[in-house]
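Residues per chain are reported as follows:
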Amino acid sequence: MKELVENLPRAQRLINRWLRRTAFLCAVAVCFSSARGQETSDVRELVQKIEELRSAGKFQEAVPIAEQVLKYCEKNYGPEHPETADSLNDLAFLYSSMNDQAKALPLYQRALKIREKALGRDHPYTAISLNNLAEAYRESGDFAKAEPLYKRAIKIWETKLGSKHPNTLSGMSNLALLYQDKGDSAKAEPLYVRVLKVREETLGPDNPQVANSLSNLGTLYYHQGNFAKAEPMYQRALKIYEKAYGAENPHTANVQNNLGAIYLDQGDLVKAESFFKQAFETREKIFGPNNPATGESVNNLAWVYMDAGDYTKAEPLYQRSLKITEQTAGPDHPNTATSLNNLGVLYQMMGDYKKAEPFYQRAQKLREKALGPNNPDLVSSIGGLADLYRLEKDYAKAEPLAQQALHLSEKKFGPEHQMTATAYNNLGAIYEGMGKYDKAEPMFQKGLKLFEDKLGPNHYKTGAALDNLGVLYREKGEYKKAESYALRAVEVTEKARGPQHPETATCLNDLAKVYDAMGDKAKADPLRQRAAEIRGKTKSKSASPQPSPSPSPT
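The structure presented is a predicted model; accordingly, all values stated were derived computationally and were not measured.

**Quick look at the overall build of the protein chain**
When its secondary structure is counted, the protein chain shows 24 helices and zero strands. Relative to its full complement of 554 residues, the protein chain shows a buried share of 59%. Sequence-distant contacts, at least 24 apart, represent 64% of the contacts inside the protein chain between residues at least 6 apart. Of the roughly 21700 Å² of accessible surface on the protein chain, 52% is carried by carbon and sulfur atoms.

So this is what it looks like as structure tokens:
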């Protein structure tokens, strides 16, 4: 049995897959008796081939081989043998890696039943099956089913292996990731801190496992909008990985990518581009030009250029990322939907709404087909399409989609999650466009409060929510309120995104409009001039208001 290892994280803008770590999934190597001679030797070769394809990210190619191994185990060892459970686990891992949890779940469930019967409910191998099944539920957004399975696995490992065993610590990290996904930082942070402390004590401060814990905490702080805490975590993790593995290593590239995402969100596009390029060059050299990890780096670089308003550089990169994803994951995979969605965002930013719409629509259909109508990933697809229709002033199409996104977000993430806050903002922007200010105001206020509570008062999403309210009160003629919110929006956005970011320009321009409405041209003109200078440098077009702040790398 392989020890639990930390898989390479995955990336996504709106949810940044490279900014989060994936929970530990354990692939158990199938061991065959030498009595079967050549046939057994052939199967060993198949198992080795599965491992090679899995390491290369070629999960689709590995699936039929894993199915062949499973049939061999069922025929030669029986449907309830531990080695059959191992092969079930391997096949489920492939489906899980492809985000096909509907196929992974029954396989993990069957493997768990076999291990419970053959090894006992409290065996460490049984705990691995519990962990893997919990991970599949977490990826499906079914947190209520995942949590008790994680806790049961941790309890088994603590009892059988000890509180400081790597498997126990891995299980705690997985549980922390679950809480992070739920938006419950108060529960996630102490678990991550505890794991980090134990790893530092038992392994030393420069161990790669310590770097993994540092990266986990960095990701948590990133999602809280606390870049001041996240950045040193990633910087320390980067030094450990560079010392342990060298500059050209997947783990090193992952942290470089994470740092790039922080600088991108802060509006420091020069630093963001530098780190994303380093990660891309490493991944392309290690994995090749058509590997999913390479494709994700291509995508992240595209986000830098799109944020800078350099659409001629961004477009071919997004198209290349889409091509890689279609080739590696398949044309109907959720990851392909993400790439399609990103191209929709690009064309929307370019003001080409007719070109953006089919990309959004295809992304939504793929996700519905692959994940079901109630999957959390649909929140961003439906919300993005609703915002597109808002910009086209097609409120009859926009409103029901935005309401659907809000309902789905509340159902899946809860009423206090940041995804729900974004859904409130999106619906508020639609009501504002329709002139329904009494409906828009509570939506914007709810969104602002959630962003402040969950991400902090100085996060860029908080700044965008403040700007939305400033625009709303200006349109209502409540200029003192508008000025107050617009001033705060400029202060927060400039601090979070940087003084030269397009979103800073949007907030400055919106504040200028408030002063125009108040008849204070002396205050309005310099703000408008500064906004124009920023946009002249970035060549960016930002829509106002911004119900959904600029996305993060997908």
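Here the narrative resumes.
**Some details on helix H19 (residues 418-433)**
For H19, built from 16 residues, the straight-helix expectation of 22 Å at 1.5 Å per residue is met to within 8% by its first-to-last C-alpha distance of 23 Å. Most of H19 is tucked away, with 15 of its 16 residues classed as buried. Two residues or fewer after H19 comes Gly435, characterised by a positive phi angle close to 80°.

**A closer look at helix H3 (residues 82-97)**
Helix length check: H3, at 16 residues, gives a terminal C-alpha distance of 22 Å against a target of 22 Å (1.5 Å per residue), a fit within 8%. For H3, a buried count of 15 out of 16 residues is recorded, marking the element as mostly surrounded by other parts of the structure. Backbone geometry just after H3 places Asn99 at a positive phi near 65°.

**Details of the packing of helix H15 (residues 334-349) against helix H16 (residues 353-371)**
Remark: H15 packs on H16, axes separated minimally by 8 Å, with the N-to-C direction vectors making an angle of 160°. When the interaxial angle is binned, H15 and H16 end up roughly antiparallel. Crossing handedness for the pair H15 and H16: left-handed. Listed contacts from H16 to Pro334, Thr336, Ala337, Thr338, Leu340, Asn341, Leu343, Gly344, Val345, Tyr347 and Gln348 of H15 are Tyr353, Lys355, Ala356, Phe359, Tyr360, Arg362, Ala363, Leu366, Arg367, Ala370 and Leu371. For the contact of H15 with H16, the per-class residue count stands at 14 nonpolar, five polar and three charged.

**Considerations on the packing of aromatic side chains**
Each aromatic ring pair is characterised by the separation of its centres together with the angle its planes make. According to the stated counting rule, one finds seven aromatic pairs in the structure shown. Taking the centre distance of 6.4 Å and the plane angle of 65° together, the rings of Tyr72 and Tyr77 count as edge-to-face. Each member of the pair, Tyr72 as well as Tyr77, is classed as buried. Measuring from ring centre to ring centre gives 5.6 Å for Tyr222 and Phe227, while their planes differ by 45°; the resulting arrangement is tilted. You'll find Tyr222 and Phe227 in the same group, each marked buried.

**With respect to the pattern of salt bridges**
According to the stated counting rule, one finds 33 salt bridges in the structure shown. For Arg194, the salt bridge goes to Glu158, with nearest N and O atoms at 3.6 Å. Highlighted residues: Arg194 in helix H8 (residues 185-203) and Glu158 in helix H6 (residues 143-161), separated in sequence by 36 residues. Put simply, Glu326 and Arg362 hold a salt bridge, and the shortest N to O gap is 3.2 Å.

**A short note on the nonpolar core**
If you look at the biggest cluster of nonpolar residues, it comprises 156 residues, and the most contacted ones within it are Met306, Tyr318 and Leu346. Of the residues forming this core, the biggest block, 10 residues, is contributed by helix H2 (residues 59-77). Sequence-distant contacts of Leu346, that is, excluding residues within four places in its chain, are made with Met306, Tyr311, Ala314, Glu315 and Tyr318.

**Some thoughts on unusual backbone geometry**
Positive phi, close to 60°, is recorded for Lys393, a residue that is not glycine. Within the element layout of this structure, Lys393 appears in the loop between helix H17 (377-391) and helix H18 (395-413). On the basis of relative accessible area, Lys393 is assigned to the exposed category, the value being 61%.

**Re the environment of Gly162**
By the element assignment, Gly162 lies in the loop between H6 and helix H7 (166-182). Owing to a relative accessible area of 23%, Gly162 belongs among the partly exposed residues under this scheme. What Gly162 contacts, discounting residues up to four positions off in sequence, is Trp157 and Thr168.

**A word on the packing of H19 against helix H21 (residues 460-476)**
At their nearest, the axes of H19 and H21 sit 11 Å apart, and the two run at 20° to each other. In terms of orientation, H19 lies roughly parallel with respect to H21. At the point where H19 passes H21, the crossing takes the left-handed sense. Contacts from Gln418, Asn425 and Glu432 of H19 reach H21 at Lys461, Ala465, Asn468, Val471, Leu472 and Glu475. Residues of the contact of H19 with H21, tallied by class, amount to three nonpolar, three polar and three charged.

**Here we look at the environment of Ala272**
Positionally, Ala272 belongs in helix H12 (residues 269-287). Separated by 11 residues in sequence, Ala272 and Ala261 have C-alpha atoms that sit 6.5 Å apart. Aside from chain neighbours lying at most four places away, what touches Ala272 is Gly260, Tyr263, Leu264 and Val304.

**Quick notes on the confidence of the model for the protein chain**
Any residue range with low pLDDT should be treated as having predicted coordinates unsuitable for detailed reading. Per-chain confidence: the protein chain averages 86 in pLDDT, with 90% of residues scoring 70 or above. Scored below 50 in pLDDT, residues 27-37 shows 34 contacts in the model against residues more than four places distant or in partner chains. Contacts for the low-pLDDT stretch residues 540-554, under 50 throughout, to residues beyond four places or in other chains number 74 contacts.

**Focus on the environment of Gly428**
Within the secondary structure layout, Gly428 lies in helix H19. You can call Gly428 buried: its relative accessible area is 0%. Remark: the alpha-carbon pair of Gly428 and Ala440, spanning 12 residues in sequence, is separated by 4.2 Å. When residues no more than four places from it in sequence are discounted, the contact partners of Gly428 are Ala440, Met443 and Phe444.

Scoring rules and cut-offs
- Residues numbered from 1 in each chain as written.
- Predicted model: local features only at pLDDT ≥ 70, side-chain atom pairs only at ≥ 80, totals over all residues.
- Heavy atoms only, no water.
- Helix = DSSP H or I, 4+ residues; strand = E, 2+ residues; numbered from the N terminus.
- Buried < 20%, exposed > 50% of the residue type's maximum accessible area, 1.4 Å probe, protein only.
- Contact = heavy atoms within 4.5 Å.
- Areas by Shrake-Rupley, 256 points an atom, 1.4 Å probe, with all protein chains shown as cover.
- Expected span 1.5 Å × (residues − 1).
- Axes fitted to C-alpha atoms, helices over the stretch in contact; angles between N-to-C directions.
- Parallel < 35°, antiparallel > 145°, perpendicular 65-115°, else oblique.
- Left-handed = near helix turned anticlockwise from the far one by under 90°.
- Nonpolar A, V, L, I, M, F, W, Y, C, P; charged D, E, K, R; others polar.
- Phe/Tyr/Trp six-rings, centres within 6.5 Å; stacked < 30°, edge-to-face > 60°.
- Salt bridge = Lys/Arg side-chain N within 4 Å of Asp/Glu carboxyl O.
- Core = buried A, V, L, I, M, F, W, Y, C linked by side-chain atoms within 4.5 Å.
- pLDDT = per-residue confidence, 0-100.

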